[in-house]
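Descriptive structure summary
The lines below spell out each chain.
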Amino acid sequence: MAFYIALTVVCFVTFMADMVLRYMEKIRSFGMEQRLHNIKGKTIPIEDFIPHNITMLTLFGTVMGVCGILLKLLALHPFISFPVALMAGSLANFTVMHFIKPLLSHGDGEELPRSADLSSCKAFCTEAIPGDGYGRISVTYKGGNYEFEAISEYETDIAPGEQVIVLYRDEQFCVVEKPSEILDILISDNEEQ
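Report on the accompanying structure. The numbers attached to residues start from 1 for each chain and follow its sequence in the written order. Per-residue local features are limited, in this predicted model, to residues with pLDDT of at least 70; the limit for side-chain atom pairs, both in listing and counting, is 80 or more; totals at the level of whole chains, interfaces and linings are taken over all residues. Hydrogens and water molecules were not included; the side-chain quantities draw on all heavy atoms of the structure.

**Details of the overall build of the protein chain**
- Helix and strand counts for the protein chain stand at four helices and five strands.
- Numbering goes from the N terminus for both helices and strands, where a helix is a DSSP run of H or I of at least four residues and a strand is a run of E of at least two. Going from the N terminus to the C terminus, the protein chain shows its helices and strands as α-α-α-β-β-β-β-β-α.
- With a 1.4 Å probe rolled over the protein chains alone, any residue whose accessible area is under 20% of its type maximum counts as buried; one over 50% counts as exposed, and the rest are partly exposed. Counting every position in the protein chain, which comprises 193 residues, the buried fraction comes to 38%.
- Restricting the contact set of the protein chain to residue pairs at least 6 apart, pairs at least 24 apart contribute 55%.
- Computed with a 1.4 Å probe, the accessible areas rest on the Shrake-Rupley method; for each residue, only the protein chains presented here act as cover. Surface accessibility of the protein chain: about 11500 Å² in total, with carbon and sulfur atoms responsible for 64%. Only heavy atoms enter the contact rule, under which two residues are in contact if any of them lie within 4.5 Å.

**A few points about the nonpolar core**
- To define a nonpolar core, start from buried Ala, Val, Leu, Ile, Met, Phe, Trp, Tyr and Cys residues and group those joined through side-chain atoms within 4.5 Å. In this structure, Leu118, Ile137, Val139, Phe148, Val166, Cys174 and Val176 are the most contacted members of the largest nonpolar core, which totals 18 residues.
- For this core, the secondary structure elements donating two or more residues are strand 1 (122-127), strand 2 (135-141), strand 3 (144-152), strand 4 (163-170) and strand 5 (173-177).
- The next biggest cluster of nonpolar side chains, apart from the first, holds nine residues, and it includes Tyr4, Cys11, Leu71 and Ala85.

**Description of the pairing of strand 1**
- Strand pairing is assigned whenever DSSP identifies at least 2 bridges connecting the two strands. Where strand 1 and strand 4 come together, three bridges link them in antiparallel fashion. Note that in strand 4 the partner of Ala123 across the bridge is Val164.
- Of the strand pairs in this sheet, strand 1 and strand 2 are connected by four bridges, and their pairing is antiparallel. Looking at strand 2, one finds that Glu127 is bridged to Arg136.

**Observations regarding the packing of helix 1 (residues 2-24) against helix 2 (residues 54-73)**
- To get an axis, fit a line to the C-alpha atoms, keeping to the stretch in contact for a helix; angles then go from 0 to 180 degrees between the N-to-C directions. Relative to each other, helix 1 and helix 2 sit at 145 degrees, their axes nearing to 8 Å. Once helix 1 is placed against helix 2, the crossing between them reads as left-handed. Between helix 1 and helix 2, the contacting residues are Phe3, Tyr4, Ile5, Leu7, Thr8, Cys11, Phe12, Thr14, Phe15, Asp18, Met19 and Arg22 on the first element and Thr55, Thr58, Leu59, Gly61, Thr62, Met64, Gly65, Val66, Gly68, Ile69 and Lys72 on the second.
- Classifying every residue of the contact of helix 1 with helix 2 gives twelve nonpolar, eight polar and three charged. Left-handed describes a crossing whose near helix is turned anticlockwise from the far helix by less than a right angle; the clockwise case is right-handed. Under the grouping applied here, Gly and all other residues not named as nonpolar or charged are polar, the nonpolar ones being Ala, Val, Leu, Ile, Met, Phe, Trp, Tyr, Cys and Pro and the charged ones Asp, Glu, Lys and Arg.

Interpretation note: all reported values are geometric properties and have no functional meaning in isolation.
This is the structure in structure tokens:
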């Protein structure tokens, strides 16, 4: 019982602090949105049952703790209550990732018209963009939040939470750069002249 109470309290406080910082204070650079894995299900979205980031891990822990407390109050054996609590946490993750998140983020860019020009839009890096690979960004466009895969134009590493500028978009893919890179190019052009 003490395990479930401690798990519930720690995870709930962490989850609420994350929500306050992210949505009320608009602070996104503290790393709780950084992806924990890159599992992709082929036919069944198995990755939606597993916490994607620390925020979802705290939600998983909160639901698991509350379910565990309720099952302990019903005097169920730990061999039954623990797996059921794990399943409840997994179902909570699936519900948020599969049903609630698409409503809040307007999908994965699929509802954004192809004609929408995102060039020069500011965005936030939600998954690290390595200089030689892909990451993810979140763009706010006309009141909606959209997520896209992205690469860095100048092959520089971009950390989660950093602000970037979209150079251009091709379907579900964007090319971005850091605002500081614009100044670096202007300075190098002036030095050459």
